[in-house]
Amino acid sequence: MRIILMGPPGAGKGTQAVFIAEKLGIPHISTGDIFRANVSQGTSLGVEAKKFMDAGEYVPDSVTNAMVADRLSQADAQKGFLLDGYPRTLDQINELDKVLTAAGVAVEKVIELTVDIDAVVPRLQKRAAEQNRVDDTEDVIRRRLEVYAEQTAPLTDVYAKRGLLVQVDGFGEISEVTKRILSVLGI
Ligand code: AMP
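A quick note: this is a predicted structure, and the numbers were derived from the prediction, not measured. (Residues numbered from 1 in each chain as written. Predicted model: local features only at pLDDT ≥ 70, side-chain atom pairs only at ≥ 80, totals over all residues. Heavy atoms only, no water.)

## A word on the overall build of the protein chain
Test applied: For helices the rule is a DSSP run of H or I covering at least 4 residues; for strands it is a run of E covering at least 2, with both sets numbered from the N terminus onward. Here the radius of gyration uses the C-alpha set of atoms, whereas the globule reference equals 2.2 Å times the residue count to the power 0.38. Contact definition: two residues touch when any of their heavy atoms are within 4.5 Å. Only the protein chains shown count as covering a residue, and every accessible area follows the Shrake-Rupley method with a 1.4 Å probe. The sign given to each residue is positive for Lys and Arg and negative for Asp and Glu; His and the chain ends receive no count. In plain terms, the charge of a residue is placed at NZ if it is Lys, CZ if Arg, CG if Asp and CD if Glu.
When its secondary structure is counted, the protein chain shows 9 helices and 5 strands. Counting helices and strands in the order they occur from the N terminus, the protein chain gives β-α-β-α-α-α-β-α-β-α-α-α-β-α. The C-alpha atoms of the protein chain give a radius of gyration of 16 Å, which matches the 16 Å a tight globule of 187 residues would have. Overall, the protein chain is about 40 × 40 × 30 Å in size when its C-alpha atoms are taken along their principal axes. Looking at the protein chain alone, contacts between residues at least 24 apart form 73% of all its contacts between residues at least 6 apart. Summed over all atoms, the accessible surface of the protein chain reaches about 9200 Å², with 53% contributed by carbon and sulfur. Taken together, the 22 basic and 27 acidic charged side chains of the protein chain have centroids lying 4 Å from each other.

Quick look at the structure:
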């Protein structure tokens, strides 16, 4: 299966994506995780991405798209994938369409995890304390939520028009939310 998981920062995308991808036996591809791995390894991609991540801004599309195209070309992604945190801009949607069309495949479902924005701020602050993420300080959290609302939330319409979008309530126990997602996937 080829699935996209969308939702604002702090909606629990990463946590859910791990369970769902494991259940389906497909790779979990998180652009945020790939960027963070590059930052901690000090690669040139990581050095470039860090400037944007630390400010709560999106890494430029050219950089992000090239990284995802490369990841999707790897052997494990041929049987399907769960994309977490990508696409986040219209340019990224177009690039993903191009890559998948060239491979003769398509996305089957786009799941949007919906949450009350007031609930995600304390969640992100808690994670900041636990994981020491520099992009989880209060100002940066606010900026990340703004950027999501401006640039990414409207994109769910694109997938709704294609009949691919399903909204899932992201509020509640982790295992409950997982069940809801599996149920919309017909599992
Ligand atoms: P995440 O863990 O998915 O919230 O991503 C953390 C940070 O990585 C984001 O705030 C962005 O700076 C960067 N990032 C992750 N995915 C993307 C993307 N698809 N496009 C641009 N920047 C991204």
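## Quick look at the sheet that holds strand E1 (residues 2-6)
Defined as follows: Any two strands are treated as partners once DSSP identifies two or more bridges connecting them. Axes here mean lines fitted to C-alpha atoms, for a helix over just the part in contact, with angles spanning 0 to 180 degrees between N-to-C directions.
Sheet architecture is open: 5 strands sit in the order E2-E3-E1-E4-E5, paired in parallel fashion. One side of each edge strand has no neighbouring strand; the edge strands of this open sheet are strand E2 (28-30) and strand E5 (165-169). The sheet shows a mean angle of 25 degrees between the axes of neighbouring strands, direction not considered. Where strand E4 (residues 109-114) lies against E5, 5 bridges are found, and the strand directions are parallel. Following the sheet pairing, Leu-113 is matched in E5 by Val-168.

## Quick word on the packing of helix H6 (residues 117-131) against helix H7 (residues 138-152)
This is how it is decided: Each angle receives one of four descriptions, namely roughly parallel if under 35 degrees, roughly antiparallel if over 145, roughly perpendicular if within 65 to 115, and oblique otherwise. For any pair of crossing helices, the crossing counts as left-handed if the nearer helix is rotated counterclockwise from the farther one by less than a right angle, and right-handed if it is rotated clockwise. All residues other than Ala, Val, Leu, Ile, Met, Phe, Trp, Tyr, Cys, Pro, Asp, Glu, Lys and Arg, Gly among them, are scored as polar; the first ten of these are nonpolar and the last four charged.
Where H6 contacts H7, the two axes come as close as 10 Å, and the packing angle between them is 140 degrees. Viewed along their axes, H6 and H7 adopt a mutual orientation that is oblique. As H6 runs across H7, the sense of the crossing is right-handed. Within the contact between the two elements, H6 uses Ile-117, Val-120, Val-121, Leu-124, Gln-125 and Arg-127 and H7 uses Glu-138, Ile-141, Arg-144 and Leu-145. Among the residues forming the contact of H6 with H7, the class breakdown is 6 nonpolar, 1 polar and 3 charged.

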